[in-house]
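Overview (structure and organization)
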Amino acid sequence: QVQIVESGGGLVQPGGSLRLSCAASGSGFSAFAMGWYRQAPGKQRELAARITTGGTTRYADSVKGRFTISRDNAKNTMYLQMNTLQFEATAVYYCVVETTKGDYWGQGTQVTVSS
């Protein structure tokens, strides 16, 4: 069974940085696109960033220039480097792996930006 575990969330002051990690069990994940979604309180879940198997990336307009998504296929791990964090980044961040058998989601990691 596929297991996905996110880590790296926490409390950070405005302007600070965090790096999220998403570790996926199993093999073959280098063949699938992966992404980070986030859900802020009272809002719908939205795509923050996505990376294809070839490394092509896509970002939400609100995070462009401040967030960087990357992946290490040898480690079955994806990352989200978040810089210059703003209050609006407060949300639960979810990792998703888009496989041919469906999307697999992690449980999420909380990011809170507060002074």
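In what follows, the accompanying structure is described. (Residues numbered from 1 in each chain as written. Predicted model: local features only at pLDDT ≥ 70, side-chain atom pairs only at ≥ 80, totals over all residues. Heavy atoms only, no water.)

Some words on the overall build of the chain
Each helix and strand counted, the chain has zero helices and 11 strands in total. Reading the secondary structure of the chain in the N-to-C direction produces β-β-β-β-β-β-β-β-β-β-β. For 115 residues, the compact-globule estimate of 2.2 N^0.38 gives 13 Å, and the C-alpha radius of gyration of the chain, at 13 Å, lies within 12% of that figure. Projecting the C-alpha coordinates of the chain onto the three principal axes gives extents of approximately 40 × 25 × 25 Å. A sequence separation of at least 24 residues applies to 53% of the contacts in the chain between residues at least 6 apart. Accessible surface, the chain: about 6100 Å² in total, of which carbon and sulfur atoms supply 45%. Separation between the mean location of the 11 positive side-chain charges and that of the 7 negative ones in the chain comes to 3 Å. (Helix = DSSP H or I, 4+ residues; strand = E, 2+ residues; numbered from the N terminus. Rg over C-alpha atoms; globule rule 2.2 N^0.38 Å. Contact = heavy atoms within 4.5 Å. Areas by Shrake-Rupley, 256 points an atom, 1.4 Å probe, with all protein chains shown as cover. Lys, Arg positive; Asp, Glu negative; His and termini not counted. Charge placed at Lys NZ, Arg CZ, Asp CG, Glu CD.)

Quick word on the pairing of strand E1 (residues 4-7)
Each regular strand carries side chains that alternate between the two faces of the sheet. Burial of E1 is one-sided: the residues Ile4 and Glu6 facing one way are buried, the residues Val5 and Ser7 facing the other way are not. Direction of pairing for E1 relative to strand E3 (residues 18-24): antiparallel, over a ladder of four bridges. Looking at E3, one finds that Ile4 is bridged to Ala24. (Buried < 20%, exposed > 50% of the residue type's maximum accessible area, 1.4 Å probe, protein only. Pairing = 2+ DSSP bridges.)

Focus: the side chain of Asn76
Among the secondary structure elements, Asn76 is positioned in the loop between strand E7 (67-72) and strand E8 (77-82). If near-sequence neighbours (up to four positions away) are discounted, Asn76 is found in contact with Cys22, Ala23, Ala24, Gly26, Ser27 and Phe29.

A word on the state of the cysteines
The full count for this structure, using the stated rule, is one disulfide. The residue that forms a disulfide with Cys22 is Cys95, at a sulfur-sulfur distance of 1.9 Å. Since a negative S-S torsion denotes a left-handed disulfide, the Cys22-Cys95 link at about -60 degrees is left-handed. Of the two residues, Cys22 sits in strand E3 while Cys95 sits in strand E9 (residues 91-99), which places them 73 residues apart along the sequence. Each of the two residues, Cys22 as well as Cys95, counts as buried. (Disulfide = S-S within 2.5 Å.)

Comments concerning the side chain of Arg71
Following the sequence through the fold, Arg71 ends up in strand E7. One buried charge, Arg71, has no salt-bridge partner; the nearest side chain with opposite charge is Asp72, at 8.5 Å. Within the local environment of Arg71, its side chain forms a polar contact with the backbone oxygen of Phe32, the two atoms lying 2.8 Å apart. A polar contact is formed between the side chain of Arg71 and the side chain of Asn73, at a distance of 2.8 Å. With near-sequence residues (within four places) excluded, Arg71 lies in contact with Phe29, Ser30, Phe32, Ala33, Met34, Ile51, Thr52, Thr53, Thr77 and Met78. (Salt bridge = Lys/Arg side-chain N within 4 Å of Asp/Glu carboxyl O. Polar contact = N/O pair within 3.5 Å; in protein donor to acceptor, adjacent residues only side chain to side chain.)

Some details on the packing of aromatic side chains
Under the counting rule described, the total for this entry stands at three aromatic pairs. Ring centres 6.1 Å apart and planes at 80 degrees place the aromatic pair Phe29 and Phe32 in the edge-to-face group. Among the residues examined, Phe29 registers a relative accessible area of 4% and is labelled buried. Every member of this aromatic cluster is reached through a ring pair, and the members are Tyr37, Tyr94 and Trp105. (Phe/Tyr/Trp six-rings, centres within 6.5 Å; stacked < 30°, edge-to-face > 60°.)

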